Structures are given as C-alpha cells and as structure tokens.
Amino acid sequence: MTELTAPDGHGVLTEPATLTLQRLLPGSIERVWAYLTESSLRQQWLAAGPMTLEPGAPFELVWRNDELSDTPGQRPAGFPEEQRMPSHITELDPPRKLAFTWQGSGDVSFELAELGDQVLLTVVHRRLPDRSTLTMVGAGWHMHLDLLVASMKGEAKAPFWEGWSRLRQVYEQRLPA
C-alpha cells in the first residue's frame, strides 16, 4: 500500500472532494480493528456507539469531544457538548476495511494493511461538499487520529479543542482555495 499522507501527518487531497489521511499504528491488525469497531475503544479517540458489523447495518456515532482528553480546552462557539450522527455500513471486510455514510458530507472508509508488527490505517473521506467542510473535517480527522495513536500507545492525549483549532488554521492554509 502506498503512503498518501504528507510526511508531517497531514491529510492530502487525493481528488478534489476527497481527503486521505494515514497513521502507522502498533499492531496487531485485530487490535486496530477493535479500536475502529468497538464502541468502548472508539469513544477513546472518536465517538461512541454500538455497531453491528453487517453491510447495510445502521448505527449512530455519538461525539463528546470534551471527554477525549483530561484537558479538552475551550470548545469553539457553535459546537454542542454532544453531537450524534446516524449512519450505516456500506462496505465491510473484517479486519481490513470498514466504510460507512457520513451524514451531510459523503462517506468514510478505514483500510488496514499489516506492515510487520505495525498497521497502516488509511482514512478516506469522500464527497466533501465544500472547502469549509473540508478544512473542518481535515482538522477533525487529523486530531482524532492523533488521539487514536496516543490511545493505542498508552500515551497522554493532547487537548482536543486546542489541537483542532490549531489544525483548522493549518488546513485553511494547506488546502487549495
């Protein structure tokens, strides 16, 4: 699998409305898969919500970004304490691929590839509707993936909102107008 992420870990546009990010994670592939699919592990870095692993199965992601690190930082104006998103699985190949709808902005896929004792996670968010959504989503995925790495390594997690706000400015500068 070819690495697509910029060397500094930032996402890249692989098509005009498609953002791709990658992270190298400590294996095994089954352990990484669990962090993607099990609510109790996924809520440590992204969002909670039980998931029935069947194509077409509905599920709901529940974000509480204030709870992702010991010191979440100041939540930006306009962001609720909790956000919910109904979704459904569009593609499933355990433990290598999971794809699902992303309400209001396309769909997301997670692909896993074993690289020795590590796993390359590739996140592709397709059909992003506009530049504003692209920069918000880019900063969001970047920060959430950094939290995934910290969670899997047992390291301290950076404050979510501070990181997201900083990264949003970076993605505003990096992504074409």
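The structure this text deals with has already been given above.
A brief look at the structure comes next.

With that settled, consider the overall build of the protein chain. If you tally the helices and strands in the protein chain, you get 4 helices and 7 strands. When the helices and strands of the protein chain are placed in sequence order, the string is β-β-α-α-β-β-β-β-β-α-α. Its C-alpha radius of gyration of 15 Å places the protein chain within 12% of the 16 Å reference for a compact globule of 177 residues. Along the first, second and third principal axes, the C-alpha atoms of the protein chain reach 35 × 35 × 30 Å. Expressed as a percentage of its 177 residues, the buried residues of the protein chain come to 49%. Looking at the protein chain alone, contacts between residues at least 24 apart form 56% of all its contacts between residues at least 6 apart. Carbon and sulfur atoms provide 49% of the accessible area of the protein chain, an area that totals close to 8,500 Å². Of the charged side chains in the protein chain, 16 are positive and 23 negative; the average position of the first set lies 3 Å away from that of the second.

As a further point, take the nonpolar core. Across soluble globular proteins, you tend to see nonpolar side chains buried next to one another. Formed by 46 residues in total, the largest nonpolar core has its most connected members in Trp45, Phe110, Leu121 and Trp141. It is helix α3 (residues 131-153) that contributes the most residues to this core, 10 residues altogether. Leaving out residues up to four positions away in the same chain, Leu121 has contacts with Leu21, Gln22, Arg23, Leu25, Leu36, Phe110, Glu111, Leu112, Leu145 and Leu148.

Next up on the list: helix α4 (residues 160-174). An α-helical turn contains 3.6 residues, so a residue and the one three or four places further along point in the same direction. Relative to the 21 Å expected for 15 residues at 1.5 Å per residue, α4 spans 20 Å between its end C-alpha atoms, a close match to the ideal helical length. Looking at α4, one finds that the buried residues are Phe160, Trp161, Gly163, Trp164, Leu167 and Tyr171. Along the axis of α4, the buried positions cluster into a sector of 145°, meaning they face one direction only. Those residues of α4 that are exposed and angled more than 90 degrees off the buried face are Glu162, Gln169 and Gln173. Lining the buried residues of α4 we find β2 (18-26) and α3.

Mapped onto the fold, Ser69 is located in the loop between β3 (58-63) and β4 (83-93). Along the primary structure Ser69 and Gln44 are separated by 25 residues, whereas in three dimensions their C-alpha atoms are 8.5 Å apart. Side-chain polar atoms of Ser69 contact the backbone oxygen of Ala158, separated by 3.4 Å.

Here is what the cut-offs are and how they apply
Residues numbered from 1 in each chain as written. Predicted model: local features only at pLDDT ≥ 70, side-chain atom pairs only at ≥ 80, totals over all residues. Heavy atoms only, no water. Helix = DSSP H or I, 4+ residues; strand = E, 2+ residues; numbered from the N terminus. Rg over C-alpha atoms; globule rule 2.2 N^0.38 Å. Buried < 20%, exposed > 50% of the residue type's maximum accessible area, 1.4 Å probe, protein only. Contact = heavy atoms within 4.5 Å. Areas by Shrake-Rupley, 256 points an atom, 1.4 Å probe, with all protein chains shown as cover. Lys, Arg positive; Asp, Glu negative; His and termini not counted. Charge placed at Lys NZ, Arg CZ, Asp CG, Glu CD. Core = buried A, V, L, I, M, F, W, Y, C linked by side-chain atoms within 4.5 Å. Expected span 1.5 Å × (residues − 1). Arc of directions from axis to C-beta. Polar contact = N/O pair within 3.5 Å; in protein donor to acceptor, adjacent residues only side chain to side chain.

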